[in-house]
Amino acid sequence: MPFCIRRFQKPDFDTLWHIDQACFPPQLAYSRPELAFYMRRPGAFTLVAEANAAPATSAQANSGQANAANEPDSQNAAPTALPPILGFIVAEARRTTGHIITIDVIHAARRLGVGSALLQAAEDQLLNAGAISVALEAAINNEPAIRFYKQKGYFVEKTIRGYYSGQLDALRMVKELQGSGRI
Ligand SMILES: CC(C)(COP(=O)(O)OP(=O)(O)OC[C@H]1O[C@@H](n2cnc3c(N)ncnc32)[C@H](O)[C@@H]1OP(=O)(O)O)[C@@H](O)C(=O)NCCC(=O)NCCS
């Protein structure tokens, strides 16, 4: 399934908010003001995965607009039912530490490498901004996300009791970027 990773544009906001609502239970999903707040924090950036019917040109690839998925072929052609925006990531550069605020992939596009491409692009941007490690919090019962992050080289640093509204624990997960190689 061909897709590209691009920067967030203002008209994307509503779609991203709806994706976040669908990705998380009501007590964890962001309200619109919360999502806007995190996206606008100093050092924060948002990247969007967008389905792209046309294969990336070499010019796109050289400019960082590379098709992040495998080569498109007849087996992997994007199903027409998929919406244009497949997912997004919000991350934040805090001096030498990066922070993943959220990563959301629509259900229909999961296990196709979209999350991997978003995370890789964010880690690259954080590394360029001077980060040497990346941290994030994942709900202790979010097994798919914990597996995903472990597969990407994150390790569990600690459990944060009651991180989500005092109700639900989180795992703080960390990855060293320097010398860790590509995921
Ligand atoms: C977590 C999430 C971003 C992963 O996105 P994705 O596009 O499906 O991830 P990828 O296809 O790049 O998966 C890469 C690898 O991560 C692991 N992984 C991803 N989802 C997994 C799952 N549900 N169960 C087990 N392993 C999983 C696998 O090793 C996978 O490789 P494989 O498919 O070749 O086995 C996605 O499931 C999601 O948006 N979940 C809801 C929102 C969320 O929980 N975000 C994290 C908040 S902390």
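Note that the structure is a prediction, hence the values are computed from the model and not measured.

Observations concerning the overall build of the protein
Assigned secondary structure in the protein consists of five helices and seven strands. A burial count over the protein gives 30% of its 183 residues as buried. Summarising the internal contacts of the protein: among those between residues at least 6 apart in sequence, 69% fall at separations of at least 24.

Digging into unusual backbone geometry
Note: most residues except glycine have negative phi, and most peptide bonds are trans. A positive phi is found at Arg 95, a non-glycine position, where the angle reads about 50 degrees. Within the secondary structure, Arg 95 sits in the loop between β3 (85–94) and β4 (97–105). Residue classification places Arg 95 among the exposed residues on the basis of 10 C-beta atoms within 10 Å. One non-glycine residue, Ser 165, adopts positive backbone phi at about 55 degrees. Note on placement: Ser 165 falls in the loop between β6 (155–164) and β7 (168–176). Look at Ser 165 and you get exposed, because 8 C-beta atoms sit within 10 Å.

Brief notes about the environment of Gln 167
Note that Gln 167 resides in the loop between β6 and β7. Sequence separation between Gln 167 and Gln 27 is 140 residues, and the spatial gap between their C-alpha atoms is 9.6 Å. Other than its neighbours up to four places away in sequence, Gln 167 contacts Gln 27 and Gly 162.

What about the site of the ligand?
In the vicinity of the ligand lie 19 residues, with Arg 110, Gly 115, Ser 116, Pro 144 and Arg 147 positioned nearest. Breaking the shell around the ligand down by element, the ones donating at least two residues are β4, α4 (114–128) and α5 (143–151). The biggest single contributor to the shell around the ligand is α5, with five residues. Split into classes, the residues belonging to the shell around the ligand amount to nine nonpolar, six polar and four charged.

Regarding the pairing of β3
Across the 10 residues that make up β3, a large majority, eight, are buried. Where strand β2 (residues 44–51) meets β3, seven bridges bridge the pair, whose relative direction is antiparallel. Bridge pairing in β3 places Leu 47 opposite Ile 89. Bridge count for β3 against β4 is eight bridges, and the pairing is antiparallel. Residue pairing across strands places Phe 88 opposite Asp 104, the latter belonging to β4. The turn joining β3 and β4, which pair antiparallel and follow one another in sequence, is formed by two residues; a positive phi near 50 degrees is taken by Arg 95.

Examining the sheet that holds strand β1 (residues 3–7)
Pairing in this open sheet of seven strands is mixed, and the strands run β1-β2-β3-β4-β5-β7-β6 from one edge to the other. Both edges of this open sheet fall to β1 and β6, since each of them pairs with a single strand only. Geometrically, the sheet is characterised by an average inter-axis angle of 25 degrees between neighbouring strands, direction not taken into account. In this structure, β6 lies alongside β7, joined through six bridges in antiparallel fashion. Looking at the pairing, Val 156 lines up with Met 173 of β7.

Concerning the nonpolar core
Counting residues in hydrophobic clusters, the biggest one holds 38 residues, and the most contacted among them are Leu 47, Ala 49, Phe 88, Ile 89, Val 114, Leu 118 and Ala 122. For this core, the secondary-structure elements that each account for two or more residues are β1, α1 (13–23), β2, β3, β4, α4, β5 (133–139) and β7. Sorting elements by how many residues they give to this core places α4 first, with seven residues. Residues within four places of Val 114 in sequence aside, it is in contact with Phe 3, Ala 49, Leu 86, Gly 87, Val 105 and Ala 109.

The rules we used
- Residues numbered from 1 in each chain as written.
- Predicted model: local features only at pLDDT ≥ 70, side-chain atom pairs only at ≥ 80, totals over all residues.
- Helix = DSSP H or I, 4+ residues; strand = E, 2+ residues; numbered from the N terminus.
- Buried ≥ 20, exposed ≤ 12 C-beta atoms within 10 Å, placed from the backbone.
- Contact = placed C-beta atoms within 7 Å.
- Near = placed C-beta within 6 Å.
- Nonpolar A, V, L, I, M, F, W, Y, C, P; charged D, E, K, R; others polar.
- Pairing = 2+ DSSP bridges.
- Axes fitted to C-alpha atoms, helices over the stretch in contact; angles between N-to-C directions.
- Core = buried A, V, L, I, M, F, W, Y, C linked by C-beta atoms within 7 Å.

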